[in-house]
Amino acid sequence: MVVVVICLLGAMEVSSWYVAEYIMPSPLKVARAIVALATTDYTHVLITLGRLCLAMLFAMTAGIILGLVMGLFGVLRSFIKALVVIDTGIPALSWILLAVFWFKNPEVRIFFILAMILLPFYALTIYDGIRGLPRDLLDMIESFRANRTQVLRYLIIPHLVPYVLTTTKAVVGYAIRMVIFAELVASAVGVGSRMGLAQSTFRMDQVLAWTFFLIVLNISLQAIVAGIEKLGLHWRPEATVR
Amino acid sequence: MTVSAHNPGLPPIIELNSVIKEFGSYRAVDKLSFTVAKGEIVALLGRTGAGKTTVLNLIMGTLAPDSGRVMVAGFDPFRQFSALKGKLAVSFQTDRLLPWRTAVENAELGLLIQGKPKDQARTIASGWLARVNLAGAENKYTHELSGGMRQRVSLARALAVDPELVLLDESFSQLDHVTSHELRQDFCAVAREYGKTCLLVTHRLDDAIEMADRVIVLGPGGHVKLELSLREAATDETVVGRTRSQIAAALGEDTGKQQQNEREE
C-alpha cells in the first residue's frame, strides 16, 4: 500500500512539472487543499456520510424484507423477483434523471436514487441465502415443532447474517460512487456537489483533495464493516489454504 | 384404552396400524403394524430401501400415511403436528448443530422453542451436557468439538426437552466403532435411568442388539419380517449368537459378513 501511494505521488509530482496546474497539481498543492477543506468544508463530508448511511440502512432493511418475502412466500415470489430483476437492469443514470424530474427536495432525490440502486443487491442475496438454507437444519428445528417465528429467529436470521455483511462489504465502495454521482446532479451540498464546483472553477487540487476524502471514507467504512463482521461471525472458523 | 402388545398394561407411545405409504407406484410401507410401549427401547432394523426413513417420517409427522393410522403419545403426528411439542425429540444421523451457537446454546434450543425462560433453559441444558459427559465444553462452538462430542450435544439437545419419545435416526452410524460403542452405552444408561421411550432406526445389527429391548426387522416393501424380544438375550452369550443369526437371516445377510461390515464401518 505504502509503495503504491509513494509511486502515485511521484507520478503526480513529475506530471505537474510538465502540465498546467488545472490538469495535474503537485502533491504539495493537493495536501494544502486537503488541509483547507478539512477545516472549512468538512460538513460536506458529514452530509455525504449521513446520506450514504441512511440510504444503505433503508436499502438493507427493505432488501432483507423483500428477500425474506421472496424466499418464504411462494405466492409473492415471482411478482417481487420480477420487480427486483427489472430494477437491477435499470441504469443508475436513469434513476438519477427520474429522481430529478420526480422530486423537488434534493434529500429525497438522493435517498431515492441510492435506495433504488442498492436495494436489489440485498434482496437477491437474501433470497439466495434462504435458498441455500441447509434442509437438514430446517428438519431438525421443525422436529421440535418450532413455529414460523421461531424458525425465523433461531435458524433463518442467524443463517442470513453472513450474507448481509458480505453484501454490505461489497456495496460500500459502489454506494460511495453512486452518492457522489447523485449529489453532483441532484444537490447543492455534499462532496459530489463540491467536486462539481471545483471542476467548474478549474480547481483540480480540490477535486483530488475531495477524492482523497472519499478514499479515506471508503477505507474507514470497509474497516467498520470488517469489525462488525469479526464480532458477528466470531463463531466461524477461518479456513486456511496451504 | 389400547395397550402395547409387548407390554400389556402399558399404553403404547407409538402405534402404527395397517399403515400404507406409497410414492407414485412404489409402495414404501405395506400394511405395517407395530407398537412401542412407554419406557421401551425398540430398534427398527432394515436394509436400504426397506422403508425405515419413511416410517420415521410418518412417526415424526412430516409425512401422512395413505391409509392406516399412526399415533404418537395419543396424537396424530401429521394432523396434530404442534400437539407433540415437547413430547417428541429426534437425534439424527448427523449432529445437525447450529454452528453459530455454542454447545450449551445448541442443547437449550428445544427448550427455548418450548417457551422455557432463558435462564431456566440454560440450567437444564448445562445439566444434560454434564449428563452426557460434556461438562466444561458448554461454551465451545461446534467446530471446536470432535464428531463424538457433537453427537453428544445432539443427544443432550434431544433429551433436554424431557420428551416422552426419542427417535434415533442412525444416530451412531457416522462415528468410529469405539466412540459409537461408548455413546450407545452412555445413551442407554441415561434413557433407562429416565425411563425414556426410544425408537432406534438403524441398519447396524450391533447398535440394535446392544441397545434395544426389542428388534423389529423390516423386509423389502416395508412390512414386519421379524420381531424379537432381546431382554433374555442380553445375559446369555449363546442366545445373543442365536439372536444375531436370526436377525441377520431376516435381513438377508450372512452374520459373519454383517459383523465384518460393522467392524469396517
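Within every chain, residues take consecutive numbers counted from 1 along the sequence as written. For this description, chains carry letters from A and ligands carry numbers from 1, given in the order in which they are written. Owing to the predicted nature of the model, reporting of local features is limited to residues with pLDDT of at least 70; listing and counting of side-chain atom pairs is limited to 80 or more, with chain, interface and lining totals taken over all residues. The side-chain figures draw on all heavy atoms in the structure; neither hydrogens nor water molecules are used.

- Under an unreviewed UniProt entry, chain B has the name ABC transporter and belongs to Bradyrhizobium centrolobii.
- Quoted verbatim from the Function (unreviewed entry) field of UniProt, the annotation for chain B is "Involved in beta-(1-->2)glucan export. Transmembrane domains (TMD) form a pore in the inner membrane and the ATP-binding domain (NBD) is responsible for energy generation." UniProt positions are given in the numbering used here, feature names are shortened, and annotations may be inferred rather than shown by experiment.

Focus: the environment of Leu111(B)
All names here are of chain B.
Inference 1: Secondary structure follows DSSP: runs of H or I at least 4 residues long count as helices, runs of E at least 2 residues long count as strands, and numbering of each begins at the N terminus. Along the chain, Leu111 turns up in helix 3 (residues 109–114).
Inference 2: Along the primary structure Leu111 and Val161 are separated by 50 residues, whereas in three dimensions their C-alpha atoms are 5.5 Å apart.
Inference 3: Ignoring any residue separated from it by four or fewer positions in sequence, one finds Leu111 in contact with Lys116, Ala121, Ile124, Ala125, Ala160 and Val161. When checking whether two residues touch, look at their non-hydrogen atoms; a contact exists if any pair is within 4.5 Å.

Considering the interface of chain A and chain B
Inference 1: At the interface, 18 residues of chain A touch 26 residues of chain B.
Inference 2: Buried area between chain A and chain B, both sides added, is near 2100 Å², and the carbon and sulfur share of it is 68%.
Inference 3: Whenever a nitrogen or oxygen atom comes within 3.5 Å of another N or O atom, the pair is scored as a polar contact, on the condition that within protein one atom can donate a hydrogen and the other can accept it, and that pairs from neighbouring residues in sequence are kept only if both atoms are in side chains. Connecting chain A to chain B are eight residue pairs in polar contact (both at pLDDT 80 or more).
Inference 4: Top contributing element to the side of chain A that touches chain B by residue count: helix 7 (residues 135–143) of chain A, with seven residues. As a working definition, buried area equals the accessible area (1.4 Å probe) given up by two parts on being put together, with both sides summed.

Points about unusual backbone geometry
All names here are of chain B.
Inference 1: Positive phi values are uncommon outside glycine, yet Ser18 reaches one of about 50°.
Inference 2: Tracing the backbone shows Ser18 in strand 1 (residues 12–23).
Inference 3: One non-glycine residue, Arg96, lies in the positive phi region at around 50°.
Inference 4: Note on placement: Arg96 falls in the loop between strand 5 (88–91) and helix 2 (103–107).

A few points about the sheet that holds strand 1 of chain B
Neighbouring strands of a sheet are bound in pairs by backbone hydrogen bonds; such pairs are parallel or else antiparallel.
Residue and element names in this part refer to chain B.
Inference 1: The antiparallel open sheet is built from three strands, whose spatial order is 2-1-4. Each of the sheet's edge strands pairs with one partner strand only, and the pair in question is strand 2 (26–37) and strand 4 (67–72). Between one strand and the next, the sheet's axes are offset by a mean angle of 20°, whatever the strand orientation.
Inference 2: Strand pairing is defined by DSSP finding a minimum of two bridges between the two strands. Alignment of strand 1 against strand 2, held across eight bridges, turns out to be antiparallel. Counted as the bridge partner of Val19 is Leu32 from strand 2. Fitting a line to C-alpha atoms yields each axis, with helices limited to the stretch in contact; the angle taken between N-to-C directions then spans 0 to 180 degrees.

Some points on the sheet that holds strand 3 (residues 41–46) of chain B
All names here are of chain B.
Inference 1: The mixed open sheet is built from six strands, whose spatial order is 5-6-7-3-8-9. Two strands close off the open sheet at either side, each with one partner strand: strand 5 and strand 9 (223–229). Direction aside, neighbouring strands of the sheet carry axes that sit 20° apart on average.
Inference 2: Summarising the sheet, strand 6 (residues 165–169) and strand 7 (residues 197–202) pair through five bridges and their orientation is parallel. If you follow Leu167 over to strand 7, its bridge partner there is Leu199.
Inference 3: Where helix 1 (residues 52–60) meets the sheet, it contacts strand 3, strand 5, strand 6, strand 7 and strand 8 (214–219), and its direction lies at approximately 155° from that of strand 6.
Inference 4: The strands touched by helix 5 (residues 147–160) within the sheet are strand 5 and strand 6, with strand 5 carrying the most contacts at an inclination of about 175°.

Focus: the pairing of strand 7 of chain B
Residue and element names in this part refer to chain B.
Inference 1: Most of strand 7 is tucked away, with six of its six residues classed as buried.
Inference 2: Only protein chains enter the accessibility calculation, which uses a 1.4 Å probe. A residue is then buried if its area is under 20% of the maximum for its type, exposed if over 50%, and partly exposed in between. Where burial is concerned, the two faces of strand 7 agree: the one with Thr197, Leu199 and Val201 and the one with Cys198, Leu200 and Thr202 are both buried.
Inference 3: Here strand 3 runs beside strand 7; their pairing, made up of five bridges, is parallel. What sits directly across from Leu44, in strand 7, is Val201.
Inference 4: The definition of a right-handed crossover adopted here requires that, viewed with the strands pointing away, the path from the first strand over the helix to the second runs clockwise. You can see the chain leave strand 6, run along helix 6 (residues 177–193) and come back into strand 7, and the turn it takes is right-handed.

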